[in-house]
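Overview (structure and organization)
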Amino acid sequence: MTKLTEAVSSKYFDASAKLRGKKYKLVRVFVEGYDDISFWRCIFDEFEDERVKFEISVPVRGDLAKGKKVVMSMIPNVGENMILCVDSDFDYLFGNFNEQSRLVNNTKYLFQTYTYATENYLCYPPSLRRLCVRATKNDTNIFDFEEFMRGYSRIIYPLFVWYAFSAQKSSQKSFTLADFRNIVRLHYVDLRDNGANTLAWLTRQTEKKLKTLEKHNSDWLRELPAFQRKLHEKGVTKENVYLFMQGHTLKDNVVVVLLQNVCDKLRELSNNIINNSDRRGQALRNELSNYNNSLRNVKDLLNENTNYKTCFLYKKLEKDIETYRNELK
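Calculation criteria
The residue count restarts for each chain, going from 1 along the sequence in the order it is written. Given that this is a predicted model, residues contribute local features only at a pLDDT of at least 70 and side-chain atom pairs are listed and counted only at 80 or more, while totals for whole chains, interfaces and linings are drawn from all residues. Computation of side-chain values covers all heavy atoms of the structure but excludes hydrogens and water. Numbering of helices and strands runs from the N terminus; a helix is a DSSP stretch of H or I covering at least four residues, while a strand is a stretch of E covering at least two. Only protein chains enter the accessibility calculation, which uses a 1.4 Å probe; a residue whose area is less than 20% of its type maximum is buried, one above 50% is exposed, and one in between is partly exposed. Contacts are assigned to residue pairs that have any heavy atoms within 4.5 Å of one another. Residue burial considers only the protein chains on display, and all accessible areas are found by Shrake-Rupley using a 1.4 Å probe. In this charge count, Lys and Arg are treated as positive and Asp and Glu as negative; neither His nor the chain ends contribute. Note that the charge is assigned to NZ on lysines, CZ on arginines, CG on aspartates and CD on glutamates. Between N-to-C directions, angles cover 0 to 180 degrees, with each direction set by a line fitted to C-alpha atoms, over the stretch in contact for helices. A clockwise turn of the near helix away from the far one marks a right-handed crossing, whereas an anticlockwise turn of less than a right angle marks a left-handed crossing. Throughout, the ten residues Ala, Val, Leu, Ile, Met, Phe, Trp, Tyr, Cys and Pro are labelled nonpolar, Asp, Glu, Lys and Arg are labelled charged, and all others, Gly among them, are labelled polar. When DSSP finds two or more bridges between a pair of strands, those strands are recorded as paired. Side-chain rings of Phe, Tyr and Trp (the six-membered ring for Trp) are treated as a pair once their centres are within 6.5 Å; stacked means planes under 30 degrees apart, edge-to-face means over 60, and tilted covers the remaining angles. The term nonpolar core refers to a set of buried residues drawn from Ala, Val, Leu, Ile, Met, Phe, Trp, Tyr and Cys, joined through side-chain atoms within 4.5 Å. A residue's pLDDT is the predictor's confidence in that residue, given on a scale from 0 to 100.

Secondary structure summary: the chain contains 16 helices and 4 strands in total. On the principal axes, the C-alpha backbone points of the chain span a range of 70 × 60 × 35 Å. Sorting the 329 residues of the chain into buried and exposed places 50% on the buried side. Taking all contacts inside the chain whose residues are at least 6 apart in sequence as the whole, residues at least 24 apart take part in 77%. For the chain, the accessible area works out to roughly 16,400 Å², and carbon and sulfur atoms hold 47% of it. Averaged over its 52 positive side-chain charges, the chain has a centre that lies 2 Å from the centre of its 42 negative ones.

Here it is in structure tokens:
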């Protein structure tokens, strides 16, 4: 750690607050990167009052380094005045399998997402239709995101188990993240029948990869059922794998692709209704212009999404923070 980082501690912030005569406790919260600040801000808003405030930032270092390892290097200095927040990655699922997992799962004043990353919350399926409505100003229900994502999860579930197992064994050369991402991404979307053709295509891709994995790693087959049971104990099911897969893969290669296709269709429907109206000439052009100027970028809305708080993993995170908040002096 740099000398600047070493000076940052819970005791330092407590002493600093006393010198300034603060009327409330100010808790410093350190997160992995700039994109995480707004996510954690939304969460800690619920726990602020006139007695306790939270201030969220990236690690204070002279070299401006960020990321999970940098945040975790601050563990020796945590306390009730300084807390850390990180993505779980696979640490929650792996329990106390290695030193990092033990630290993430057992360090007081460190909070984890329980999902793989913050992006998994942003992509929570029950919230996606609302984003499309906000982006397109069209509430026509043309796609069931929840049903599609359940089907998507059922298809990729066996591959996810293989990938997570290879990650735990540190044998990712057998099944790299790049390979996993390339297979589970949506290369194209057909919205008809709620994406049935897309899911059928994905099924074929995953079945090919599974046969290859089973052929070249047959010695793992006896261990996989026990590993699968451990995942189930942590909440992984065939229908919710999207909560535990790599967040950027889910967001950039699956959910954004879906959202953009659905929004394109909704905008097309709205423009068709306007074009087929009785308006003509400048009145028609004005109506089209007014509608199209009201549209928003759905990817921006996804980054601002906060409608994930019914997720069972969020409830677990919320309970952790509530316990900490109730223990503050």
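After that view, the rundown keeps rolling.
Attention now moves to the packing of helix H9 (residues 145–168) against helix H13 (residues 247–275). At a minimum axis separation of 13 Å, H9 and H13 run at an interaxial angle of 145°. The interaxial crossing formed by H9 with H13 has right-handed handedness. Between H9 and H13, the residues in contact are Phe145, Phe148, Met149 and Tyr152 and Leu250, Val254, Leu258, Leu259 and Val262, respectively. Along the lines of polarity and charge, the residues of the contact of H9 with H13 split into 9 nonpolar, no polar and no charged.

To continue, consider the pairing of strand E3 (residues 82–86). Looking along a regular strand, one sees side chains alternate from face to face of the sheet. Of all 5 residues in E3, 5 are buried; the element is thus mostly enclosed. Judged by which residues are buried, E3 turns out to be covered on both faces: Met82, Leu84 and Val86 on one side and Ile83 and Cys85 on the other are all buried. Note: E3 against strand E4 (residues 110–112), 3 bridges, orientation parallel. Paired with valine 86 across the strands is glutamine 112, a residue of E4.

Time to look at the packing of aromatic side chains. On inspection of all chains with the given rule, the structure shows 26 aromatic pairs. When the ring of tyrosine 163 is compared with that of phenylalanine 180, the centres are 5.1 Å apart and the planes differ by 15°; the resulting orientation is stacked. Residue tyrosine 163 is found in helix H9, and its partner phenylalanine 180 is found in helix H10 (residues 177–184); the two are separated by 17 residues along the sequence. Each of the two residues, tyrosine 163 as well as phenylalanine 180, counts as buried. Linked through ring pairs, Phe90, Phe94, Phe97, Tyr116, Phe160, Trp162, Tyr163, Phe165, Phe175, Phe180, Trp220 and Phe227 together constitute an aromatic cluster.

The biggest cluster of nonpolar side chains holds 88 residues, and the ones touching the most others in it are Tyr152 and Phe160. Counting residues per element, this core draws most heavily on H9, at 15 residues. Here tyrosine 152 is in contact with Val184, Leu186, Leu199, Leu202, Met245 and Val254, once residues within four sequence places are set aside. Counting residues in each nonpolar core, the second largest holds 12 residues, with Phe30, Val71, Met74 and Met82 among its members.

The next thing to look at is unusual backbone geometry. The phi dihedral of lysine 137 falls on the positive side, at around 55°, and the residue is not glycine. Within the element layout of this structure, lysine 137 appears in the loop between helix H8 (128–136) and H9. At aspartate 193, a residue that is not glycine, the phi angle is positive and equals roughly 55°. Tracing the sequence through the fold places aspartate 193 in the loop between H10 and helix H11 (196–216).

Per-residue confidence for the chain gives a mean pLDDT of 92; residues scoring 70 or more make up 92%. Per-residue pLDDT stays below 50 along residues 1–5; that stretch engages in 13 contacts with residues further than four places along the chain or on separate chains.

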